[in-house]
Amino acid sequence: AAGIDRMGRRMDALGQLREQIRQAFPATPYFGPITPCDCEECRGIREGLRHKRWDELSTAFLDNTCSPVLLGPEAFAVFLPAYMMRGLDDYGSTVLELTIYSICPGDLDGEDPDHGVHRLLKRVRLMQPAQIQAVRAFLKFVEKQWDDPEWYGPYFANALEKVWRCPATSQQPS
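Scope of this entry: the structure provided in the associated data block. (Residues numbered from 1 in each chain as written. Predicted model: local features only at pLDDT ≥ 70, side-chain atom pairs only at ≥ 80, totals over all residues. Heavy atoms only, no water.)

Side note on the packing of aromatic side chains
The full count for this structure, using the stated rule, is two aromatic pairs. When the centroid spacing of 5.7 Å and the interplanar angle of 90° are considered together, the rings of Y30 and F79 count as edge-to-face. Of the two residues, Y30 sits in the loop between α1 (2-24) and α2 (40-49) while F79 sits in helix α4 (residues 73-89), which places them 49 residues apart along the sequence. Comparing Y30 with F79 shows no difference in burial state: the two are buried. Where Y91 meets F141, the ring centres are 6.3 Å apart and the plane angle is 40°; that geometry is what we call tilted. Of this pair, Y91 sits in the loop between α4 and α5 (94-103) while F141 is found in helix α7 (residues 129-145), placing the two residues 50 residues apart along the sequence. (Phe/Tyr/Trp six-rings, centres within 6.5 Å; stacked < 30°, edge-to-face > 60°. Helix = DSSP H or I, 4+ residues; strand = E, 2+ residues; numbered from the N terminus. Buried < 20%, exposed > 50% of the residue type's maximum accessible area, 1.4 Å probe, protein only.)

Side note on the packing of α4 against α5
As a packed pair, α4 and α5 sit with axes 8 Å apart at the nearest point and diverge in direction by 145°. The handedness of the crossing between α4 and α5 is left-handed. Across the interface between the two elements, F76, L80, Y83, M84, R86 and G87 of α4 pack against V95, L96, T99, S102 and I103 of α5. (Axes fitted to C-alpha atoms, helices over the stretch in contact; angles between N-to-C directions. Left-handed = near helix turned anticlockwise from the far one by under 90°. Contact = heavy atoms within 4.5 Å.)

Describing a nonpolar patch on the surface
A contiguous nonpolar surface patch, about 310 Å² in accessible area, is contributed by L98, Y101 and W151. Within the element layout of this structure, W151 appears in helix α8 (residues 149-162). (Patch = residues over 30% accessible without salt bridge, like charges linked within 9 Å, V, L, I, M, F, W, Y side chains within 5 Å. Areas by Shrake-Rupley, 256 points an atom, 1.4 Å probe, with all protein chains shown as cover. Salt bridge = Lys/Arg side-chain N within 4 Å of Asp/Glu carboxyl O.)

Structural notes on α2
Counting along an α-helix, one turn takes 3.6 residues, and residues three or four places apart therefore face a common direction. Those residues of α2 lying buried are C42, I45, R46, G48 and L49. Seen from one end, α2 has its buried residues packed into an arc of 165°, which puts them on one side. Of the residues in α2, the exposed ones pointing more than 90 degrees away from the buried face are E40 and E47. Buried residues along α2 sit in contact with α3 (59-65) and α4. (Arc of directions from axis to C-beta.)

Focus on the pattern of salt bridges
Tallied over the entire structure, the rule returns eight salt bridges. Of the charged contacts, one joins R46 and D38 as a salt bridge, the two residues approaching to 3.4 Å between their closest N and O atoms. Since its relative accessible area comes to 18%, R46 is described here as buried. With a shortest N-O distance of 3.2 Å, R86 and D89 are connected by a salt bridge. Separated by three residues within a single helix, R86 and D89 lie in helix α4, roughly one turn from each other. Taking the relative accessible area as the measure of exposure, R86 reaches 22% and is therefore partly exposed.

Structure (structure tokens):
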């Protein structure tokens with residue numbers, strides 16, 4: 001019975017997170033720049049996203065592109081929720097893993113551990129506080145679900161502390 005209750009709470013939390021994402025990211029057609037790259041893969045991404053809303057992207061497109069990492073800052077801010085929602089469908093998916101990598105700064109022990117932070121902050125600056133809160137909630141939810149918190153924990157903590165903070169507030173967001 002305890003397992004069923006725990007699963008029910010997890011499903012409630014998942015439903016609340018999905019609704020938070022939907023509320024934070026308006027589903028409007030996007031007409032801006034998609035990716036600065038002109039390679040074949042990015043041309044395909046550009047065609048697949050042109051004039052689309054984030055909530056109308058097919059699972060096949062999301063599964064094929066795996067994450068929003070190749071998108072320019074504006075398109076990243078618009079289409080990130082599609083990848084987050086798809087990642088929530090399957091905790092073992094490549095989409096979830098690569099979306100996490102796209103929103104968490106990379107090499108914590110490398111020569112320039114803040115390089116990823118600066119790259120992500122350029123994207124975060126284009127987002128509204130409710131969107132940043134939705135990404136925070138996504139990271140916290142996924143962190144609780146993943147099997148290896150010792151491995152991923154520092155990446156989540158770094159992302160929450162250095163990147164996905166609430167702007168213009170001195171309060172620590174939840």
